[in-house]
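Read off the chains here:
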Amino acid sequence: MQFFGGSDISPLPPPPTASGNNAHMMYVFNKNGVCLLYREWNRSLRTLNAQQDHKLMFGLLFSLKSLTAKMDPTSVEKGNLGVPQLTGQGCSFHSFRTNTYKLSFMESPSGIKIILVTHPRTGDLRESLKYIYNLYVEYVVKNPLYSPGMPIRSELFNMTLDQYVRGLG
Amino acid sequence: MAPAAPRSGDAIFANVERVNAELFTLTYGAIVRQLLTDLEEVEEVNKQLDQMGYNIGIRLIDEFLAKSNVSRCVDFKETAEAIAKVGFKMFLGVTASVTNWDADGTSCSLVLEDNPLVDFVELPDTCQGLYYCNILSGVVRGALEMVSMKTEVTWIRDMLRGDDAYELQVKLLKQVPEEYPYKDDE
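Treat the numbers as computed from the prediction; the structure is a model and nothing was measured.

Enquirer: Any chance you could break down the overall build of chain B for me, citing the residues and the numbers?
Expert: From N to C terminus, chain B includes five helices and four strands. With the C-alpha coordinates aligned to their principal axes, the bounding extent of chain B is approximately 55 × 45 × 35 Å. Residues classed as buried in chain B amount to 48% of the 186 residues present. The long-range share in chain B, meaning contacts at least 24 apart out of those at least 6 apart in sequence, stands at 60%. Surface accessibility of chain B: about 9,900 Å² in total, with carbon and sulfur atoms responsible for 52%. Treating the 17 positive side-chain charges of chain B as one cloud and the 32 negative ones as another, the clouds have centres 4 Å apart.

Enquirer: Break down the packing of helix α3 (residues 42-68) of chain B against helix α5 (residues 134-146) of chain B for me, citing the residues and quoting the values.
Expert: What describes two packed helices is the angle between their axes and the distance between those same axes. Residue and element names in this part refer to chain B. Where α3 meets α5, the axes come as close as 6 Å, and the angle between the chain directions of the two elements is 40°. In this view, α3 runs oblique relative to α5, as classed from their interaxial angle. Considering how the two elements wind past one another, α3 and α5 form a crossing that is right-handed. Contacts between α3 and α5 involve Asn 46, Leu 49, Asp 50, Met 52, Gly 53, Tyr 54, Ile 56, Gly 57, Ile 58, Leu 60 and Ile 61 from the former and Asn 134, Ile 135, Ser 137, Gly 138, Val 139, Arg 141, Gly 142, Ala 143, Glu 145 and Met 146 from the latter. In terms of residue class, the contact of α3 with α5 is built from 11 nonpolar, seven polar and three charged.

Enquirer: Hey, could you go over the pairing of strand β5 (residues 113-118) of chain A for me, with residue numbers and the actual values?
Expert: Along any regular strand, the residues point their side chains to alternate faces of the sheet. Residue and element names in this part refer to chain A. Burial analysis of β5 places six of its six residues in the buried class, the great majority of the element. What you see with β5 is no split at all: Lys 113, Ile 115 and Val 117 on one side and Ile 114, Leu 116 and Thr 118 on the other are buried throughout. Sheet topology places strand β1 (residues 23-29) next to β5; six bridges connect them, and they run antiparallel. Counted as the bridge partner of Met 25 is Val 117 from β5. In terms of strand pairing, strand β4 (residues 102-107) meets β5 through six bridges, oriented antiparallel. Bridge pairing in β5 links Glu 107 to Lys 113. Linkage of β4 to β5, two consecutive antiparallel strands, is achieved through a turn of five residues, within which Gly 111 is found at a positive phi near 90°.

Enquirer: Please set out the interface of chain A and chain B residue by residue, giving values where relevant.
Expert: Contacts between the two partners involve 37 residues from chain A, matched on the other side by 27 residues from chain B. Buried area between chain A and chain B, summed over both chains or domains, comes out near 2,700 Å², and the portion from carbon and sulfur atoms is 55%. Where chain A touches chain B, the interface holds two salt bridges. As a salt-bridge pair, Lys 142 of chain A and Glu 63 of chain B come within 3.2 Å of each other at their nearest N and O atoms. At the boundary of chain A and chain B, one finds eight residue pairs in polar contact (both at pLDDT 80 or more). For the side of chain A that touches chain B, the secondary structure elements donating two or more residues are α1 (50-70) and α2 (126-141) of chain A. Broken down by element, the side of chain A that touches chain B gets its largest block of residues, 10 residues, from α2 of chain A. When grouped by side-chain class, the residues that make up the side of chain A that touches chain B number 14 nonpolar, 12 polar and 11 charged.

Enquirer: Residues and numbers for a negative patch on the surface, please.
Expert: Judged by side-chain charge, Glu 22, Glu 113, Asp 114 and Asp 119 of chain B come together as a negatively charged surface patch. Along the polypeptide, Glu 22 of chain B turns up in helix α2 (residues 21-39).

Enquirer: Can you explain the sheet that holds strand β1 (residues 97-99) of chain B? Please cite residues and give values.
Expert: Residue and element names in this part refer to chain B. Spatially, four strands are ordered β1-β2-β4-β3 in an open sheet, and the strand pairing comes out antiparallel. For this open sheet the edge positions go to β1 and β3 (149-157), each flanked by a neighbour on one side alone. Taken pair by pair, the neighbouring strands of this sheet meet at an average axis angle of 30°, ignoring direction. Running over the sheet, helix α4 (residues 76-92) touches β1, β2 (107-112), β3 and β4 (166-175) and is turned about 15° from β2. Packed on one face of the sheet, α5 meets β2, β3 and β4 and runs near 160° to β3.

Enquirer: So, the packing of α4 of chain B against α5 of chain B: which residues are in play, and what are the values?
Expert: Residue and element names in this part refer to chain B. One way to put it is that α4 packs onto α5 with a least axis distance of 13 Å and a crossing angle of 120°. Between α4 and α5, the interaxial angle falls into the category oblique. Both α4 and α5 take part in a crossing whose hand is right-handed. Facing α4, whose interface residues are Thr 79, Ile 83, Phe 88 and Leu 92, α5 presents Leu 136, Val 140 and Leu 144. In terms of residue class, the contact of α4 with α5 is made up of six nonpolar, one polar and no charged.

Cut-offs used in this document
Residues numbered from 1 in each chain as written. Chains lettered and ligands numbered in written order. Predicted model: local features only at pLDDT ≥ 70, side-chain atom pairs only at ≥ 80, totals over all residues. Heavy atoms only, no water. Helix = DSSP H or I, 4+ residues; strand = E, 2+ residues; numbered from the N terminus. Buried < 20%, exposed > 50% of the residue type's maximum accessible area, 1.4 Å probe, protein only. Contact = heavy atoms within 4.5 Å. Areas by Shrake-Rupley, 256 points an atom, 1.4 Å probe, with all protein chains shown as cover. Lys, Arg positive; Asp, Glu negative; His and termini not counted. Charge placed at Lys NZ, Arg CZ, Asp CG, Glu CD. Axes fitted to C-alpha atoms, helices over the stretch in contact; angles between N-to-C directions. Parallel < 35°, antiparallel > 145°, perpendicular 65-115°, else oblique. Left-handed = near helix turned anticlockwise from the far one by under 90°. Nonpolar A, V, L, I, M, F, W, Y, C, P; charged D, E, K, R; others polar. Pairing = 2+ DSSP bridges. Buried area = accessible area lost by both parts, 1.4 Å probe. Salt bridge = Lys/Arg side-chain N within 4 Å of Asp/Glu carboxyl O. Polar contact = N/O pair within 3.5 Å; in protein donor to acceptor, adjacent residues only side chain to side chain. Patch = residues over 30% accessible without salt bridge, like charges linked within 9 Å, V, L, I, M, F, W, Y side chains within 5 Å.

Geometry only, nothing functional implied.
Below, the structure written as structure tokens:
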């Protein structure tokens with residue numbers, strides 16, 4: 001697994017500022033792996049080109065979901081690793097944290113995945129991700145000029161997102 | 001933080017923006033009327049209404065999931081209940097009842113006593129083959145396809161054709177699990 005900025009000496013995370021953006025970047029994928037949206041507010045190291053970066057992110061989450069579902073100690077099924085699961089079935093992971101960032105994840109049963117990468121001291125973002133999903137419904141799904149499955153090109157959506165994310169702790 | 005419980009259809013219906021029921025009925029009637037004029041063949045109109053419903057359904061599912069907070073349904077029975085009690089209530093303001101389960105639990109009927117689309121409507125003799133509410137069958141089919149269920153949705157009873165209620169049969173053909181979309185060597 002490739003970490004962004006993986007050197008031996010871990011750099012200190014940037015101190016969270018009261019105003020200004022605490023989020024680093026955000027991805028939205030649909031169930032076919034198409035990256036519908038990629039927003040970047042604060043990212044200093046870029047190791048891959050955009051296409052590969054998206055594929056890596058999607059692949060990472062796909063595998064993590066599968067792994068967490070199979071390792072679930074409370075689940076009754078004994079599926080094999082690699083057996084395809086229905087979207088949203090089984091347990092779902094919602095975040096992981098490293099010393100430099102926290103990645104929060106939400107997947108809807110329709111396969112829309114929202115990923116938000118923030119500074120590591122961020123709290124539980126599940127409600128925020130739900131709110132972002134609602135924003136997606138209002139500004140993108142209900143937009144008659146948007147074709148489902150295509151990357152999102154909506155200034156209004158981007159603006160509202162930026163405003164909302166800026167307000168996250 | 002525990003995840004929020006799914007909200008009931010009534011609660012959501014009270015919170016969403018609503019339009020005037022008559023406006024809705026008359027607009028739908030105008031659409032069907034126009035389709036009949038443009039396409040002339042009743043079968044073509046049925047197909048077109050189904051297609052329009054499908055295009056609506058694939059978007060409607062996200063709004064449904066976002067507003068109602070339902071998590072993944074464990075089986076098709078739960079899905080049918082969710083559509084009838086929460087979905088129909090949220091979008092049409094009426095609830096349906098779920099009946100006629102077959103032996104494997106893959107086919108059921110949604111029965112609507114009250115249908116806001118058909119107020120004031122009468123089918124003339126020239127359009128006896130028309131499924132006036134076919135848009136609903138498209139919507140259900142489209143929405144379920146986005147949650148990995150391939151279904152076949154047909155009208156069994158239709159009040160405009162003389163039956164006593166609206167009955168929509170939903171048959172689950174198969175569940176399509178998620179696949180890794182990229183080829184491994186790319």
